[in-house]
Amino acid sequence: YKHAKTVRQQTMMNLAPDSSLMLISQEQAQLLQVLVHVTQATRVLEIGTFTGYSTLFIADALKRANRNGRMVTVDVESRTQQMARQNIKEAGLDHVVSFVLQDGKQFMHDWSADGKEPFDMIFIDA
């Protein structure tokens, strides 16, 4: 996947070398795509955006499923989330992903308290 390779490379170049250890593996990312497919998820929550590597795979799976799927990704780090926004935009998936700059635990509490529709799949990577 072309954009995924670019995101991985940019993460390693632009952040401290040990930060790249926060990226999931390509195999794990592909598993997320399979899970989106087999669960027929249309609403996905990701806690822990980082630079958008896993976001990219999930959003791509939602788009390819052609079920008008959407995802929300939540992180507390504005710098890396801005990188993720750019990566998702460059991949042409920005219409699938909503970014929230907030603590994940607080987001889930607020979402639940507001009585909003539940997610079909939640990936906690924080």
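Shown above is the structure to which this text applies.
Residues numbered from 1 in each chain as written. Predicted model: local features only at pLDDT ≥ 70, side-chain atom pairs only at ≥ 80, totals over all residues. Heavy atoms only, no water.

The tally for this structure, following the rule as stated, stands at two salt bridges. Residue arginine 43 is joined to glutamate 117 by a salt bridge in which the shortest nitrogen-to-oxygen separation is 3.8 Å. With arginine 43 in strand β1 (residues 43-47) and glutamate 117 in the loop between α5 (104-113) and β4 (121-124), the pair connects residues that are 74 residues apart, well separated along the chain. Aspartate 60 serves as the salt-bridge partner of arginine 64, at 2.8 Å between the closest nitrogen and oxygen. Taken as a pair, arginine 64 and aspartate 60 lie in helix α3 (residues 53-65) at a separation of four residues, close to a single helical turn. Residue arginine 64 is classed as exposed on the basis of its relative accessible area of 57%. You can call aspartate 60 buried: its relative accessible area is 11%. (Salt bridge = Lys/Arg side-chain N within 4 Å of Asp/Glu carboxyl O. Helix = DSSP H or I, 4+ residues; strand = E, 2+ residues; numbered from the N terminus. Buried < 20%, exposed > 50% of the residue type's maximum accessible area, 1.4 Å probe, protein only.)

What follows covers the layout of surface pockets. Of the volumes computed, that of the largest pocket is approximately 190 Å³. Residue lining of the largest pocket: Met22, Gly48, Phe50, Asp75, Glu77, Thr80, Asp125 and Ala126, and that is the complete set. Taken together, the residues that form the lining of the largest pocket break down as three nonpolar, two polar and three charged. (1 Å grid on protein atoms, 1.4 Å probe; cavity = no way out; pocket = protein on both sides within 12 Å on 5 of 7 lines; lining within 4 Å. Points joined across faces, edges and corners; volume = space filled by probe spheres on them. Nonpolar A, V, L, I, M, F, W, Y, C, P; charged D, E, K, R; others polar.)

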